[in-house]
Amino acid sequence: MDKIFRIAPSILSADFAQLGNELRDVIQAGADWIHFDVMDNHYVPNLSFGPMVCQALRKHAVRADGTRVPIDVHLMVQPVDALAQAFAQAGADLISFHPDASAHVDRTLQLIKAAGCQAGLVFNPAEPIDVLEWVIDKVDLVLVMSVNPGFGGQSFIPGALRKVEKLRRLIDTHRQQTGRDIRLEVDGGIKTDNIRSVADAGADTFVAGSAIFGQPDYRAVIDAMRAELAA
Ligand code: DX5
Ligand code: ZN
């Protein structure tokens with residue numbers, strides 16, 4: 001089966017003074033999803049944006065032909081539940097959270113899905129993935145952190161590749177048993193020159209912040225990434 005790769009630019013590295021334009025530019029440049037990094041200065045040592053900003057951007061997350069571009073909300077917050085619900089209301093399509101930030105992971109997954117969104121679990125570089133075994137039937141997306149969360153522009157931690165390989169095996173087994181696919185996304189330090197190795201480890205969805213927004217021509221970067229993935 002041919003994999004469908006997705007590129008999810010993180011607007012954490014966009015120009016905050018003109019987020020609507022940045023969103024439209026990066027969508028025109030070929031973004032598949034918009035990655036929305038929510039930081040609370042508690043779970044991570046940084047503060048970004050909340051549900052009101054998501055709501056304001058929702059109308060900009062459309063392609064020229066009118067199709068909706070999924071907003072992929074990555075919650076780096078503790079506690080999780082109230083904000084997850086607020087983001088569902090604000091137009092998020094996928095909502096991922098760190099299991100160590102939720103007192104009741106199964107309950108949090110249930111409420112995200114009940115709110116009509118796809119649900120994801122995020123694993124930090126030093127965090128085990130054991131919890132996935134017990135909730136995999138409720139998970140639509142697994143997000144592997146290849147940096148410690150909190151900041152854009154950090155270097156890729158190579159140990160993440162081993163975790164991606166392990167998750168790929170679990171997800172493939174789950175698909176064989178149930179017919180249900182789970183997205184495997186990687187976040188942090190992804191550039192044109194390492195995206196291929198992340199795909200080879202088994203990832204199908206790639207977050208890139210500084211690699212895209214740090215360059216003047218977003219399309220050139222996204223095209224170069226796709227060329228690496230196709231190679
Ligand atoms: C880190 C965020 C990432 C980050 C990615 O806490 O979750 O999404 O913005 O940025 P780059 O691609 O610059 O590492
Ligand atoms: Zn992120």
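Residues numbered from 1 in each chain as written. Chains lettered and ligands numbered in written order. Predicted model: local features only at pLDDT ≥ 70, side-chain atom pairs only at ≥ 80, totals over all residues. Heavy atoms only, no water.

Peer 1: Honestly, the overall build of the protein in this entry has me stumped. Any pointers?
Peer 2: Helix and strand counts for the protein come out as 9 helices and 8 strands. A compact globule built from 231 residues would reach a C-alpha radius of gyration of about 17 Å, and the protein, at 16 Å, matches this within 12%. Taken over the C-alpha atoms alone, the protein extends approximately 45 × 40 × 35 Å along its principal axes. The buried share among the 231 residues of the protein stands at 53%. At a minimum sequence separation of 6, the contacts of the protein that also span at least 24 residues come to 63%. For the protein, the computed accessible surface area is about 10,400 Å², with 52% contributed by carbon and sulfur atoms. (Helix = DSSP H or I, 4+ residues; strand = E, 2+ residues; numbered from the N terminus. Rg over C-alpha atoms; globule rule 2.2 N^0.38 Å. Buried < 20%, exposed > 50% of the residue type's maximum accessible area, 1.4 Å probe, protein only. Contact = heavy atoms within 4.5 Å. Areas by Shrake-Rupley, 256 points an atom, 1.4 Å probe, with all protein chains shown as cover.)

Peer 1: Whenever I open this one, the sheet that holds strand β2 (residues 34-39) confuses me. Can you help?
Peer 2: Each strand in a sheet pairs with its neighbour through backbone hydrogen bonds, running either in the same direction (parallel) or in the opposite one (antiparallel). One open sheet accounts for 8 strands, arranged β1-β8-β7-β6-β5-β4-β3-β2; its pairing is parallel. Of all strands in the sheet, those with a lone pairing partner are β1 (6-9) and β2, marking the two edges. On average, adjacent strands in this sheet sit at an angle of 25° to one another, irrespective of strand direction. (Pairing = 2+ DSSP bridges. Axes fitted to C-alpha atoms, helices over the stretch in contact; angles between N-to-C directions.)

Peer 1: Looking at this structure, I do not really get the pairing of strand β7 (residues 183-187). What am I missing?
Peer 2: Each regular strand shows side chains that alternate between the opposite faces of the sheet. Judged by how many residues are buried, β7 sits mostly within the fold: 5 of 5 residues are covered. Because side chains alternate across β7, one face comprises the buried residues R183, E185 and D187, and the other comprises L184 and V186, equally buried. With 5 bridges connecting them, strand β6 (residues 141-145) and β7 associate as parallel partners. Looking at the pairing, V144 lines up with V186 of β7. Here β7 runs beside strand β8 (residues 205-208); their pairing, made up of 3 bridges, is parallel. Among the inter-strand pairings, D187 is bridged to a residue of β8, identified as V207. Between the parallel pair β7 and β8, the chain is carried across by helix α7 (residues 195-201), and the sense of this crossover is right-handed. (Right-handed = clockwise from strand over helix to strand, strands pointing away.)

Peer 1: How should the site of ligand 1 be read in this particular structure?
Peer 2: Near ligand 1, the surroundings consist of 20 residues, among which D37, G153, D187, G209 and S210 are the closest. For ligand 1, an oxygen atom lies 2.7 Å from a polar atom in the side chain of D37. A distance of 2.8 Å separates an oxygen atom of ligand 1 from a polar atom in the backbone of G153. Considering ligand 1 on its own, with 380 Å² of exposed area, one finds that the protein chains cover 100% of that surface. Listing elements by their share of the shell around ligand 1, those giving two or more residues are β2, β3 (71-76) and β8. Per-element accounting of the shell around ligand 1 gives the leading share, 3 residues, to β2. (Near = heavy atom within 4 Å. Polar contact = N/O pair within 3.5 Å; in protein donor to acceptor, adjacent residues only side chain to side chain.)

Peer 1: Quick question: what am I supposed to make of the packing of aromatic side chains here?
Peer 2: Ring pairs (aromatic) are described by centroid distance and by the angle formed between their planes. The tally for this structure, following the rule as stated, stands at 5 aromatic pairs. Their ring planes at 50° and their centres at 5.9 Å tell us that F5 and F206 sit as a pair that is tilted. A residue pair is termed long-range when its members are at least 10 positions apart, and F5 in the segment before β1 and F206 in strand β8 qualify at 201 residues. In this structure F5 comes out as partly exposed when scored by relative accessible area, which is 23%. Here F206 falls in the buried class, since its relative accessible area comes to 1%. On the basis of an interplanar angle of 65° and a centroid distance of 5.9 Å, the ring pair of F36 and F87 is categorised as edge-to-face. With F36 in strand β2 and F87 in helix α3 (residues 81-89), the pair connects residues that are 51 residues apart, well separated along the chain. Each member of the pair, F36 together with F87, is buried. Three or more aromatic residues joined by ring pairs form one cluster here, namely F16, F36, F49 and F87. (Phe/Tyr/Trp six-rings, centres within 6.5 Å; stacked < 30°, edge-to-face > 60°.)

What is shown is where atoms sit, not what they do.
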